[in-house]
Amino acid sequence: MIGKESTAGRAVKFTFLGVWLLFTVFPLYWITVTSLKAPGDIFRFPLAYWPERFSLENYSGLFGTADFGTYLTNSLIVSTVAGATATAISMLSAYVLARFEFRTKSALLMAALVTQMIPSFIALGPLYLLMTDLRLVDNRLGLILVYVAVCIPFCTVMLRGFFENIPDALEEAAMIDGLSRFAALFRVLLPVMRPGIIAAFIFNFVNCWNELFLSVTLMNSDSNKTVPTALNGFISSFNIDWGSMSAAAVLTILPTMFLFAFASRHIVQGLTSGAVKG
Amino acid sequence: MSVTSKTATKTTAPGRGDPTPERGLPHGGRRREFTTRRGLQIAAFMAPAAVFVAVFTYYPVIAGGQMAFRNWKLTDLTDTSWVGLKNFRDVFADPAWSTVLGNSAIWVFGSIVPQLVIGFALALWLRRRFRFRGLYQALIFFPWAISGFLIGILFRWLFNSEFGVVNDLLQKAGLIDEPIAWLADPKTAMVAVLIANIWYGVTFFAIMILAALQSIPDELYEAAALDGAGKARTLFQITIPYIRTTLALTVLLRVIWIFNFPDLIFGMTGGGPNNETHIVTTWMIKITQQGDYGRASALGLLVVAALLVFAVFFLMATREKKGVRS
């Protein structure tokens, strides 16, 4: 590795790392503390950096007056199904883009890149009309189909990076042994690709979980709302109930944070191999 | 599966590295057979992805794009006639347009530069192993798991003028005497949304740069040390040139994403106060909400056009990398 570290250098380094860690974690700490205060204590001076009385009132309100459990379930179903479907479909396209040369390949990659530049608002109106024709407005299946399409381009590029890191010889050997290309992909390549597939799935899941504008447009009845749509409903009223909002934020952030912590190494690998080579 | 097709597949398998091997070769019967077969395989594997993206992304975008050339207002649905470039002229004629454009520039550069610098520093310092490095990385990764909209709400609470913790901390530190109404004042509101976006985006740079750093061979540093190169020289003459293409790619990809990222501002200020934190894409939301789909679409097409210019740089940077490294 690079030379020796001086004591002063180490001091600067760890100070910087410490300050950055504080800056990263503090907002999350603060929203959690707020959510655990009794509603009246949130608006009281001096601000309490540690709740004097812990209270779950903000949380119980979410499941009593609001129907946050339903929103969480909807988000969970939509994100899991869409994330898994998009990963499976992207696997096939990523495999082709990594292993074959053909004339339309760069056009396809360009088409994937262009999807990243399109503001989703340009498509909302026509998408709503399309979903009306398909009778899929305010329907979880409808949102899932749209999310699958949203996830595919980036997921394909990401998985393509993974495929390119695996030597061709692996599936060639399997095909010489008599497996079809499809069978070689499933029986030989996929087990090797597992970290990449997990990373891609988590990435898709988090993207769907966090998506706001499409779900606001397509899901209007209360029983079909996803979490971001519900949060958007909380702020469109002029006075924000910061207690409920903090509790809702914590409940929304926690699942994805667990997933990211669990798979952060895979995600780092996936992002870098995908994006750098894309 | 027949013996012929097996050997045929085998011959074409190493597709990478030999561009279009079939062209220029005499098309014998057998070769054509598996070429068709190969084409069918490609089509079959690409089909699901292509169908999804075509139906649910490209079709609505193209349908939305043509609204840009029509009078398409929710307030007046009886008249959706073609109006040529009127919507585009309206976009540019809007008195708020220069503010919105200027804000977009501040938003992109004010986010990118600190994200890059801090992310680079983090990556350099995370390169060497230390105790709890894995835990540290996992912790600073968290912002990336949160939606931009929710980050907006989170920082809206932190910067709350009455009960926000930012004012409280600054007062405790003796830096300000009176609470600041951060999100009510145009200048401080922009600073606040930028801080939120930096909080969110540094991780991405740190990860990308860290991965790139790990690809630099140690021998380069050893050689530099033997030549007596100092830290600064090593950084500028080895580290940065070696990862230059990754840096360029990351910056360009982020420019695309940040430019086209209304969620955070939407959640934090909604573009206020008095339009002073609107960027092009939140402005597009506002116009949509006012029901003028034609003008919003015109704005959307302008966004795509502007970002395509960046994509050209993006692709040039990629090409350069392949030439240098392999």
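Residues numbered from 1 in each chain as written. Chains lettered and ligands numbered in written order. Predicted model: local features only at pLDDT ≥ 70, side-chain atom pairs only at ≥ 80, totals over all residues. Heavy atoms only, no water.

In the nomenclature of an unreviewed UniProt entry, chain B corresponds to Sugar ABC transporter permease from the organism Streptomyces ferrugineus. For chain B, the Subcellular location (unreviewed entry) comment in UniProt is given as "Cell membrane". Regarding chain B, the UniProt comment filed under Sequence similarities (unreviewed entry) reads as follows: "Belongs to the binding-protein-dependent transport system permease family." (UniProt positions renumbered as here; feature names shortened; annotations may be inferred.)

As recorded in an unreviewed UniProt entry, chain A goes by Carbohydrate ABC transporter permease and comes from Streptomyces ferrugineus. Reading the Subcellular location (unreviewed entry) entry of the UniProt record for chain A gives the comment "Cell membrane".

Chemist: Could you clarify how one ought to interpret the overall build of chain B in this entry?
Modeler: When its secondary structure is counted, chain B shows 13 helices and zero strands. Listing every helix and strand of chain B by position from the N terminus yields α-α-α-α-α-α-α-α-α-α-α-α-α. Per-residue burial over chain B gives 51% buried out of 326 residues. Of the contacts formed within chain B by residues at least 6 apart in sequence, a portion of 68% connects residues at least 24 apart. (Helix = DSSP H or I, 4+ residues; strand = E, 2+ residues; numbered from the N terminus. Buried < 20%, exposed > 50% of the residue type's maximum accessible area, 1.4 Å probe, protein only. Contact = heavy atoms within 4.5 Å.)

Chemist: Got a minute to help me understand the UniProt feature "transmembrane region" (unreviewed entry) in chain A in this structure?
Modeler: Residues and elements named next belong to chain A. UniProt's entry tags residues 12-31, 76-98, 107-129, 141-163, 184-206 and 242-263 with the feature "transmembrane region" (unreviewed entry), counted in the numbering of this structure. With 100% helix and 0% strand, the stretch residues 184-206 has end C-alpha atoms that lie 30 Å from each other. Helix and strand shares over residues 242-263 are 100% and 0% respectively, and the end C-alpha atoms of the span are 31 Å apart.

Chemist: Would you take a moment to explain the nonpolar core for this structure?
Modeler: Nonpolar side chains tend toward joint burial in soluble globular proteins. The biggest cluster of nonpolar side chains holds 179 residues, and the ones touching the most others in it are Phe163 of chain A together with Phe56, Trp107, Leu122 and Phe155 of chain B. Looking at this core, the element that brings in the most residues is helix α8 (residues 186-213) of chain B, giving 18 residues. Once residues lying within four places of it in the same chain are set aside, the contact partners of Trp107 of chain B are Met190, Val193, Leu194, Asn197, Ile258, Phe261, Leu264, Ile265 and Ile279 of chain B. Formed by five residues, the second largest nonpolar core is a distinct cluster that contains Ala174, Met175, Ala183 and Ala184 of chain A. (Core = buried A, V, L, I, M, F, W, Y, C linked by side-chain atoms within 4.5 Å.)

Chemist: For this particular structure, what's the right way to read the interface of chain B and chain A?
Modeler: Much of the literature gives interface size as the accessible area that the parts lose upon coming together. Across the boundary between the two partners, chain B contributes 103 residues, which contact 102 residues of chain A. For the pairing of chain B and chain A, the buried interface totals around 9,700 Å² over both sides, and the portion due to carbon and sulfur atoms is 79%. Viewed at the interface, chain A and chain B are joined by zero salt bridges. Linking chain B with chain A are 13 residue pairs in polar contact (both at pLDDT 80 or more), by the criterion used here. Sort the elements by how many residues they give to the side of chain B that touches chain A and helix α2 (residues 29-67) of chain B lands first, with 20 residues. For the side of chain B that touches chain A, the class distribution of residues is 70 nonpolar, 18 polar and 15 charged. (Buried area = accessible area lost by both parts, 1.4 Å probe. Salt bridge = Lys/Arg side-chain N within 4 Å of Asp/Glu carboxyl O. Polar contact = N/O pair within 3.5 Å; in protein donor to acceptor, adjacent residues only side chain to side chain. Nonpolar A, V, L, I, M, F, W, Y, C, P; charged D, E, K, R; others polar.)

Chemist: Just checking my understanding: could you explain the environment of Ala192 of chain B for this structure?
Modeler: Residues and elements named next belong to chain B. With respect to the helices, strands and loops of the structure, Ala192 is situated in helix α8. Among the residues examined, Ala192 registers a relative accessible area of 0% and is labelled buried. Residues Ala192 and Leu235 lie 43 residues apart in sequence; the distance between their C-alpha atoms is 32 Å. The contacts of Ala192, once residues within four sequence positions are left out, are Phe159, Leu183 and Met268.

Chemist: I tried to follow helix α10 (residues 231-259) of chain B on my own but got confused; where do I start?
Modeler: In an α-helix, one turn spans 3.6 residues; hence positions three or four apart end up facing the same way. Taking 1.5 Å of rise per residue, 29 residues should cover 42 Å, yet α10 of chain B covers just 35 Å from first to last C-alpha, more than 12% shy of that figure. Along its length, α10 of chain B shows its largest kink, about 60 degrees, at Arg244 of chain B. (Expected span 1.5 Å × (residues − 1). Bend = angle between axes of the 7 residues up to and from the residue.)

Chemist: Looking at this structure, I do not really get the UniProt feature "transmembrane region" (unreviewed entry) in chain B. What am I missing?
Modeler: Residues and elements named next belong to chain B. According to UniProt, the positions carrying the feature "transmembrane region" (unreviewed entry) are residues 40-62, 105-126, 138-159, 189-213, 234-259 and 298-317. Regarding residues 138-159, the helix share stands at 64% and the strand share at 0%, and the terminal C-alpha atoms are separated by 26 Å. For the annotated span residues 189-213, helix accounts for 100% and strand for 0% of the residues, and the straight-line distance between the end C-alpha atoms is 36 Å.

Chemist: Hey, could you run me through unusual backbone geometry in this one?
Modeler: A negative phi angle characterises most non-glycine residues, just as the trans form characterises most peptide bonds. Here the bond from Gly272 of chain B into Pro273 of chain B is cis, since omega is -5 degrees, no more than 30 degrees from zero. Examined against the element boundaries, Pro273 of chain B turns out to sit in the loop between α11 (263-268) and α12 (280-289). Despite not being glycine, Arg135 of chain A shows a phi value in the positive range, around 55 degrees. Topologically, Arg135 of chain A is positioned in the loop between α6 (121-133) and α7 (140-164). The phi dihedral of Asn275 of chain B is positive, around 65 degrees, even though this residue is not glycine. Looking at the element boundaries, Asn275 of chain B is found in the loop between α11 and α12.

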